[in-house]
Amino acid sequence: MRLEDKTALVTGSSRGIGREIALAMAREGADVVINYSRSEDAALEVVDEVQAMGRKAMAVKASVTQRSEVEAMVERTMEKFGRLDVLVNNAGGFPIKPFSALTDQDWDKVMDLDLKSIFIASQAGMAVMRPRKKGTIINIASVSGLVGAVSMVPYSAAKGGVIAFSKALARESAPMGITVNAIAPGIIETETALGVFPEAALNAYTTYQVPLGRLGRPEDVVGLVVFLASDEAAYITGQVYAVDGGFTMQ
């Protein structure tokens, strides 16, 4: 198993892509910290699934936009597992609103959730990775940060920031033995995405914009996450991988 003896913390992992990432890591041998902000029941279900695979797991409620809560989550991780090998910054949101209707509050909320949270969690994670001179940070960005998206200006700006952040942090953390990479998914078929995007927009997207002709699935993303978290990717850092069915192909 590629992640045996590793401990991974996945933010926003009670549902959606984060949930599938956590389960995939457990299947590859990792112990997993399940982070959630609202549904404890959903998080505990993921814990049960991880434990059924013979791995250790713990659910921790923490808002990724609050430094004190994130630092407390990392402390609990160290208390239970004694190490943090992999941090996956997955938590985020993608509200749709025309630019002319945006308020300062809309902007700040998206920036806090989709960009500042990654800054906070990465600082907290690196603090415990640095003494061991080894660790992996994987940031979930978006193709919106590569090409922009209509009515998603704050989200596109935040995810573009995640991409630039990942590259800059990769340079700074390399001498510490810590790798940093980003994954930029296209639209992934999750309950949240299907609830946010109009059906007509999704049909146009898969028909005219995605060469592979379908929405992404969580399993299309998780394999890359597992690879980047494994020792096989030890010489890869500062990279951005689009998982989008060819949407951003050039």
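Now for a description of the structure that goes with this document. (Residues numbered from 1 in each chain as written. Predicted model: local features only at pLDDT ≥ 70, side-chain atom pairs only at ≥ 80, totals over all residues. Heavy atoms only, no water.)

## Points about the pairing of strand β1 (residues 7-10)
- Across the two faces of β1 the burial is the same, with Thr7 and Leu9 and Ala8 and Val10 all buried.
- When β1 meets strand β2 (residues 31-36), the two strands line up parallel, connected through 4 bridges. Among the inter-strand pairings, Leu9 is bridged to a residue of β2, identified as Val33.
- The handedness of the β1 to β2 crossover, carried by helix α1 (residues 16-27), is right-handed.
- Relative to strand β4 (residues 86-89), β1 runs parallel, the two sharing 3 bridges. Paired with Leu9 across the bridge in β4 is Leu87. (Buried < 20%, exposed > 50% of the residue type's maximum accessible area, 1.4 Å probe, protein only. Helix = DSSP H or I, 4+ residues; strand = E, 2+ residues; numbered from the N terminus. Pairing = 2+ DSSP bridges. Right-handed = clockwise from strand over helix to strand, strands pointing away.)

## Side note on the nonpolar core
- By size, the foremost hydrophobic cluster in this structure holds 35 residues, and its most contacted members are Ile21, Met25, Val88, Ile138, Ile183 and Val225.
- At the level of elements, β1, α1, β2, α2 (40-52), β3 (57-61), β4, β5 (135-140) and α9 (218-229) are the ones that each hand at least two residues to this core.
- If we skip the residues at most four places from it in the chain, Ile138 touches Val86, Leu87, Val88, Asn89, Asn181, Ile183, Val225, Leu228 and Ala229.
- Membership of the second largest hydrophobic core comes to 23 residues, among which are Met58, Met73, Phe81 and Ala124. (Core = buried A, V, L, I, M, F, W, Y, C linked by side-chain atoms within 4.5 Å. Contact = heavy atoms within 4.5 Å.)

## As for the layout of surface pockets
- Quantified by volume, the second largest pocket comes out at close to 150 Å³.
- Contributing to the lining of the second largest pocket are 14 residues, with Lys134, Gly135, Thr136, Asp231 and Ala234 lying nearest its centre.
- Residue assignment for the lining of the second largest pocket shows that the elements contributing at least two residues are β5 and α9.
- Counted by class, the lining of the second largest pocket contains 4 nonpolar, 5 polar and 5 charged residues. (1 Å grid on protein atoms, 1.4 Å probe; cavity = no way out; pocket = protein on both sides within 12 Å on 5 of 7 lines; lining within 4 Å. Points joined across faces, edges and corners; volume = space filled by probe spheres on them. Nonpolar A, V, L, I, M, F, W, Y, C, P; charged D, E, K, R; others polar.)

## Some words on the environment of Ile118
- Here Ile118 is to be found in helix α4 (residues 104-129).
- Assessed through its relative accessible area of 1%, Ile118 is described here as buried.
- For the pair Ile118 and Val162, spaced 44 residues apart in the sequence, the C-alpha separation amounts to 7.6 Å.

## Considering the sheet that holds β2
- Ordered in space as β3-β2-β1-β4-β5-β6-β7, the 7 strands form an open sheet in which the pairing is parallel. Looking at the sheet topology across the chains shown, the edges are occupied by β3 and β7 (240-243). Between one strand axis and the next, the sheet turns by 20 degrees as a mean value, whatever way the strands run.
- Inspection of the sheet shows β2 paired to β3 by 5 bridges, in the parallel sense. By the bridge assignment for β3, Val33 is matched with Met58.
- Set on the sheet, helix α6 (residues 153-173) makes contact with β5, β6 (178-185) and β7; between it and β6 the angle comes to about 160 degrees. (Axes fitted to C-alpha atoms, helices over the stretch in contact; angles between N-to-C directions.)

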